Each structure stands twice: as structure tokens, then as C-alpha cells.
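The chain contents come next:
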Amino acid sequence: MATKTVPGVLASFLQVDAAVDAITGLKSKGFRDLTVYSAAPNHEIDAALDHPISWVRLFTLIGGLVGCTAGFAMTIWMSYDWPLLVGGKPIGTPVPYVAIAFELTVLYGSLCTVAGMIILSRAKSLKGRAYNPLFSDDRIGIFVPCAPEQAPAVRELLAHAGSEEVTVHGA
Amino acid sequence: MTAIVHEPHRPTQTHAEVTRDVLGTLGTPSRGYYMALFGAIAMFLVGLFTFVMLLKEGLGLAGYTPPVMWSVYITTFVFWIGIGHAGTLISAILFLFRSPWRTVVYRSTEAMTVFAVMTAALFPIIHIGRQWIFYWLLPYPNARFLWPNFKSPLIWDVFAITTYFTVSTTFLIVGLVPDVSAIRDKVTGWRHTIYKMFSLGWTGSDNQWRNYSKGYLYLAALATPLVLSVHSVVSWDFAMSIIPGWHGTIFAPYFVAGAIYSGIGMVLTLLIPLRKVLKLEHMMTDYHFDNLAKLTLLTGSILFYAYAMEYFVAWYSGNAFEQTTFWRRAFGPMWWAGWSMIICNAFVSQLLWFKKIRTNLTALFIISIFINLGMWFERYVIIASSLSNDYLPQAWAVPAVTWADWGILIGSFGWFFMYFLLFARTFPVVAIQEIKEMIPYPRKHGGGH
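Not measured: the values here are computed from a predicted model.

Trainee: So, the overall build of chain B: which residues are in play, and what are the values?
Mentor: Helix and strand counts for chain B come out as 15 helices and zero strands. Relative to the 2.2 N^0.38 estimate, which gives 22 Å for 449 residues, the radius of gyration of chain B is 23 Å and therefore close to what a compact globule would have. For chain B, the spread of C-alpha atoms along the principal axes amounts to about 85 × 60 × 40 Å. Per-residue burial for chain B yields a buried fraction of 50% across its 449 residues. For chain B, restricting intrachain contacts to residue pairs at least 6 apart in sequence, the fraction spanning at least 24 positions comes to 82%.

Quick look at the structure:
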């Protein structure tokens, strides 16, 4: 099934301060659902967008805690499931099991971090939003979803901010 | 007045030039590349043939000589595990320290880590003899309701290496995604289709970067303790036993320093020819190699201290078994291995105090070969030499090294180089996105690049 195009305006910028001006201007006009493309993360763009901090950390924390618990639970349970008494020493000994619990903390924490990155990145669908391959090279892109009647005003704002190319999509 | 600050870590190219230069490394390979690749495949085939013979005839083909039942294979296992550590140090620890010089070299070192651990993982399987039941090492419900002994460092090692391999591979793949998308947008045809598949829908949107940057940071934070833990656990395979020469509390830090030292040695062995073959001289400069050499000097000096401490503790302990072991390391039947280890690691690394040597790539390459040799010998001395003279003098024996030992050792280098060479022509060996992050975007009224 063909992806439905999201109507809006796509602008391409060479200069970072021009892109930041455009983001600030668009937000002041009430456009919040912007998609900004860049080849590398940039602090000025982050500051202009002012997004809340990513929730990936929660996935990392939960993964780490689950891994640690699983490590101790598995080793202690398996030790008592087939108890082997050697030299009168305790059967379940948490100290050597720290090695296993530590490794599983790191393993589960890492895998959950990656799962969190994928889930949260896909939470905002980019399907149908215009993209230009130059954005992975040296240009900064801003896609503004808007109704066709708003497109001329958005186009004007982006051009005024310093965009080198503005195109209207899905009109 | 504006101060002119020399920033050797800051790339001089524009964003577009970075993409172009790195893309250039993925073009049609040179004859030298093919020769290296065929050489690696030939070496791998030698190892494969030897492995088939081991399967057919059994471990008797290898030079196991009682009481030395851990010999070349376990030595080579520890060697390859150690090689991986420099990759994680450079990609994770130096990332957390915001060390700018790592940016150009970390991708290839990270790939080196993954391939080194893949190589190392073969050895316990080869060594156990009955390779078809290797999964007995894993905790799974079996017919006799038995579970592994979690008090054994060998089982800790299974978990440590499985975790290390999984996390290192994940870290490498996550780092590659934005770079693969940059290549996807530049190539056409079937290459576009393949890179599109590997780019996982990456577009570099603000939402993707927001989650990616945080996730990468947490992955680096999780990978960091692995640098210290994995080789500590490997060292406990030995230190937890009472064999003279093994039973030392110094083993964990001693092994970690050695692992990083050997890893950087391999990084130098790989990167010095690679920068020439891939024409990356303007990206990987003397500045990067100077920093790598300083890390080598630091870890080499720690090793020097550890060697001295081992001998001192053996003498100071007054324990006859320890003293005999260390006396025999220097003057016994395996003296050649003991002195190779000390000369190649402790002494050769001290040459790097001189800046002229640190910035001379030919000298660095030669030193890196000595490091690789020295670190293999270090493990051989620790493992085989210690086992050769335990508590029963009448059982003492010098291990033999047979063609089956050599075949597997050569094959492991072939297996490692084959993967590394294939990686270097398929994926960017220099991290496009991180280099671009260091280059300021242009500004309306000048500035930037």
C-alpha cells in the first residue's frame, strides 16, 4: 500500500542559525509538529526545539534491574534446585553470583536501551513526511506539516529565515 | 583580539567532503586489498583444515602434554579476548571522557573488538574436544536436571564473553546506522537497496537524534565496566586456582592493562596500513597515532610494573613453589618465551617516550608487531609455563607445539583479518556522523566551515 503523503512545506538550509531562526519563527506562529533533519545532532537546533529529555533512560534502568534480579534469581534457584554440598560450604552463595548478576545487568540494560531507542524513535511516525537525501550530507531540513492554505505563509517565513530551497508537498 | 588556537582534533573538511571521503573508501578495491583478502582466506582455510582434522582424529593432534593441558588454544583465546579491549576503551570510555581524538579511529577499533571476540569464542569450543556438545556450558534444563556450577570462574567467563560480544556488536551496529543512511542517500541500484535495509529507516530527524544521543550515551556507560570486568573474569580463570604463578590478587588489573596494551598494538597494526590503502592520510594524522602511542606507553608501563611486582611478590612471599615457577620462567626450559614477553612488552613499549618514535609510522608499525608477539608470549608464559611446573616435580614437562597448534593459530588470524577486511570495504571505517558533529555548520554571516 502506498504511503499517504503528509501535506506540508519542506525547507533546506545550509546555515545553522538560519534553521534556528526558522524553527523559532514557526513555533511563535503556533507550528509545533516540526520535523528537523540533520546529518549530526546539533545543540543549537536542540535548544530551539526545546524537546523534553528522552525516556530511553527508563528502558535502560528497567533492563538493568531486570538483568540484575534475573542473575541472582537464576543462580540461587539453580543452586538449590540440585543442592551439592561440598566441604560443608553454603549451597547458595551470593558473592560469586555477583559476576553473573553484573553481566546480566549490563546485557539486559544494553538490549533494553536499544529497544527503547527503536520504540521511541518510531513513536513519532515519519511516514509520508517529505525528506531530501541532502539532509544526511550537509543540509539541515525542516518539514512543517500544514494545510494547503497555510503553505504560502509558511513558505514565506522559511524563505525569509534564509532557506535556500522551499518546496510544498501534498498540496 | 582573537586567539588562534591550534585544534589538531578538529577535522578540516566540510560536511559534504566528509561524506565524499568516507564514501571513497567503499569504491572499487585495489589489487593490494584483494591480495590481503585472499591471503586472509588462505590462512583461514589452513585453520579450517586443521579443525576438520581435530574433529576426525581428536585433540591428540594438538601439543597437550600432561600436566600442561591448557596450552596454545587457551593462550590464543586469551590473546584474542585481550585484543578486543582497546576497541571498547576507545569507543566507550574515551567517548564518556569526550576525548576528541578517538572520533576518527573508533569505528575500526570497535569492528576489531567484535571480530576479535568472534575469533576468541572459537577457542574454548575447539579446546573442549567434543565441539558438538558445547551447549552443555549453558544453563538450560537437561535430562539429568543438572545446572552449571555458578561458583566456577569458567562459567562466569561464559557469561562475561557472551555479554561482551552482544554488547560490542550492538554498540557497533547502533553507531553504524546514521552512517549507513548517509551512504544509502549517495549510492544507487542494488547497493542503495542493501544500505536502505541496514539503515533501519533512519532519516536524522530531531526525534531520532534525541533518542539516539541519549541511548548511545547509556550504551557507552554500560560498555565501560565491561572493559574492566571481562578480562578480570578471564584472569580469575587462572587466579582462582592454586597453581604457582596463577594464584595472585594482582591478576585482574594486570590482565586488564595487558589486554588494553595488546588491543592498541593490534589497532596500530591494522590502522597504519589501512589509512594508506583507503587513502585516509588526511583524516588519520600523526596526532591520532601519537595519542594511540601514548596509551600504549601508559599500559605498557603498567605491565612493566606488573611484571616487576610478580617477581618481587614471588621472592618476598618466601613460597618455594612460587619462587621456583618464576625462576624457571627466566632460566628454565621455556626461558625464550619468558624473555620474549619481557623484552617485547616491558622494554619495547618504553621507546614510546620519544615523540619522534610516536609520530614515525614505520617505527610504530614495527613496535606494534612486537606488542602482538609479546602479548601472545605473555599468555603462553602465564598459562603453559605455569602449568609445566606445578606441585609435583616428577610430573613436570615442557609442552610441545605441534602442526595442529600452528594451524589453528594461523587460521584464527586469517578468520580475524578476513572479517576485518570485508568490513572495511562494506561499511565506513571512519564514523561520518561523529566527525560531522565536530565540524560547525556554516553561519549566515560567516563562521563555521
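Past the structure itself, the notes keep going.
Trainee: Talk me through the overall build of chain A; I want residue IDs and the actual numbers.
Mentor: Looking only at helices and strands, one finds five helices and four strands in chain A. Its C-alpha radius of gyration of 25 Å places chain A more than 25% over the 16 Å reference for a compact globule of 171 residues. C-alpha extents for chain A along the principal axes are approximately 85 × 40 × 30 Å. Looking at chain A as a whole, 44% of its 171 residues qualify as buried.

Trainee: Kindly report on unusual backbone geometry, identifying the contributing residues and their values.
Mentor: In the segment running from Pro66(B) into Pro67(B), the intervening peptide bond is cis, with an omega of 10 degrees. By the element assignment, Pro67(B) lies in the loop between α2 (31-57) and α3 (72-96). Phi is positive for Asp50(A), close to 55 degrees, though the residue is something other than glycine. Here Asp50(A) shows up in the loop between α2 (43-49) and α3 (56-81).

Trainee: How would you sum up the interface of chain B and chain A? Please name residues and give values.
Mentor: Of the residues lining the interface, 48 residues belong to chain B; the matching set on chain A comes to 53 residues. Among the secondary structure elements, those contributing two or more residues to the side of chain B that touches chain A are α1 (15-24), α5 (153-184), α7 (206-239) and α15 (432-438) of chain B. Considering each element in turn, the side of chain B that touches chain A owes the most residues, 17 residues, to α7(B). In terms of residue class, the side of chain B that touches chain A is made up of 22 nonpolar, 17 polar and nine charged.

Trainee: Could you give me a rundown of the packing of α3(B) against helix α8 (residues 251-277) of chain B, with the residues and numbers involved?
Mentor: Residue and element names in this part refer to chain B. Between α3 and α8, the shortest axis-to-axis distance is 6 Å and the interhelical angle comes to 80 degrees. Classified by the angle between their axes, α3 and α8 sit roughly perpendicular to one another. Residues Phe79, Gly82, Ile83, Gly84, His85, Ala86, Gly87 and Leu89 of α3 pack against Gly258, Ala259, Ile260, Ser262, Gly263, Ile264, Met266 and Val267 of α8. In terms of residue class, the contact of α3 with α8 is made up of nine nonpolar, seven polar and no charged.

Trainee: Tell me about the environment of Gly87(B), residues and numbers included.
Mentor: Residues and elements named next belong to chain B. If you trace the backbone, Gly87 turns up in helix α3. Judged by the 32 C-beta atoms lying within 10 Å of it, Gly87 is buried. When the C-alpha positions of Gly87 and Val105 are compared, they lie 9.3 Å apart, and in sequence the two are 18 residues distant. If near-sequence neighbours (up to four positions away) are discounted, Gly87 is found in contact with Thr109, Glu110, Met112, Thr113 and Gly263.

Trainee: Let's hear about the pairing of strand β3 (residues 140-145) of chain A: which residues, and what values?
Mentor: All names here are of chain A. Among the six residues in β3, six count as buried, and that is most of the element. Burial along β3 is two-sided: the residues Ile140, Ile142 and Val144 and Gly141, Phe143 and Pro145 are all buried. With six bridges joining them, strand β1 (residues 8-13) and β3 adopt antiparallel strand pairing. Note that in β3 the partner of Leu10 across the bridge is Phe143. Note: strand β2 (residues 35-37) against β3, three bridges, orientation antiparallel. For Tyr37, the partnering residue across the bridge sits in β3 and is Gly141.

Trainee: Tell me what's going on with the sheet that holds β3(A), and back it up with residues and numbers.
Mentor: Residue and element names in this part refer to chain A. One open sheet accounts for four strands, arranged β2-β3-β1-β4; its pairing is antiparallel. Every other strand in the sheet has two partners, leaving β2 and β4 (165-169) as the edge strands with one partner each. Averaged over all neighbouring strand pairs, the angle between strand axes comes to 15 degrees, with direction disregarded. Sheet topology note: the β1/β4 ladder contains five bridges and is antiparallel. Within β4, the position partnered with Ala11 by the bridge is Val166.

Trainee: Report on helix α5 (residues 151-161) of chain A, specifying residues and quantitative values.
Mentor: Residues and elements named next belong to chain A. Of all the positions in α5, only Val154, Leu157, Leu158 and Ala161 are classed as buried. Down the axis of α5, the sector holding all buried residues measures 95 degrees, keeping them to one side. Of the residues in α5, the exposed ones pointing more than 90 degrees away from the buried face are Pro152, Glu156 and His160. Of the surrounding secondary structure, the elements contacted by the buried residues of α5 are β1, α1 (16-28), β3 and β4.

Trainee: Before we move on, can you summarise the packing of α3(A) against α7(B) with the specific residues and values?
Mentor: Two elements in contact, α3(A) and α7(B), have axes whose closest approach is 9 Å; the angle formed by their N-to-C orientations is 30 degrees. One finds that α3(A) runs roughly parallel with respect to α7(B). The element α3(A) and its partner α7(B) pack so that their crossing is right-handed. Side by side, α3(A) and α7(B) meet where Val56(A), Arg57(A) and Thr60(A) of the first sit next to Asn211(B), Lys214(B), Gly215(B) and Tyr218(B) of the second.

Trainee: Just give me the short version of α2(B), but keep the residues and values in it.
Mentor: Residue and element names in this part refer to chain B. The terminal C-alpha atoms of α2 lie 39 Å apart, and with 27 residues this matches the ideal 39 Å at 1.5 Å per residue to within 8%. Contact partners of the buried residues in α2: α4 (102-127) and α14 (403-426). Gly58, located one to two residues past α2, shows a positive phi value of around 100 degrees.

Trainee: Kindly report on the environment of Trp315(B), identifying the contributing residues and their values.
Mentor: Locating Trp315(B) in the fold gives a position in helix α9 (residues 286-317). For the pair Trp315(B) and Pro141(B), spaced 174 residues apart in the sequence, the C-alpha separation amounts to 48 Å.

Trainee: Run through the nonpolar core, naming residues and quoting values.
Mentor: By size, the foremost hydrophobic cluster in this structure holds 175 residues, and its most contacted members are Ala19(A), Ala22(A) and Val267(B). In this structure, this core is formed jointly by two domains, domain 1 (8-52 + 125-169) and domain 2 (56-122) of chain A, each of which donates at least three residues. Sequence-distant contacts of Val267(B), defined by excluding residues within four places in its chain, comprise Ala86(B), Val105(B), Thr109(B), Met112(B) and Leu292(B).

Trainee: Describe in detail the confidence of the model for chain A, supporting the description with residues and values.
Mentor: Averaged over every residue, the pLDDT of chain A is 90; residues scoring 70 or more account for 98%. Within chain A, no element has a lower average pLDDT than β4(A), which sits at 89, and none a higher one than α3(A), at 95.

Trainee: Mind laying out the environment of Phe165(B), listing which residues take part and the relevant values?
Mentor: Residue and element names in this part refer to chain B. For Phe165, the location among the structural elements is in helix α5. With 19 C-beta atoms counted inside 10 Å, the residue Phe165 sits in the partly exposed group. Between the C-alpha atom of Phe165 and that of Phe97, which follows or precedes it by 68 residues, the distance is 23 Å. In this structure, Phe165 is in contact with Val117 and Ala121, ignoring residues within four places of it in sequence.

Definitions and cut-offs
- Residues numbered from 1 in each chain as written.
- Chains lettered and ligands numbered in written order.
- Predicted model: local features only at pLDDT ≥ 70, side-chain atom pairs only at ≥ 80, totals over all residues.
- Helix = DSSP H or I, 4+ residues; strand = E, 2+ residues; numbered from the N terminus.
- Rg over C-alpha atoms; globule rule 2.2 N^0.38 Å.
- Buried ≥ 20, exposed ≤ 12 C-beta atoms within 10 Å, placed from the backbone.
- Contact = placed C-beta atoms within 7 Å.
- Nonpolar A, V, L, I, M, F, W, Y, C, P; charged D, E, K, R; others polar.
- Axes fitted to C-alpha atoms, helices over the stretch in contact; angles between N-to-C directions.
- Parallel < 35°, antiparallel > 145°, perpendicular 65-115°, else oblique.
- Pairing = 2+ DSSP bridges.
- Arc of directions from axis to C-beta.
- Left-handed = near helix turned anticlockwise from the far one by under 90°.
- Expected span 1.5 Å × (residues − 1).
- Core = buried A, V, L, I, M, F, W, Y, C linked by C-beta atoms within 7 Å.
- Domains from an automatic or database assignment.
- pLDDT = per-residue confidence, 0-100.

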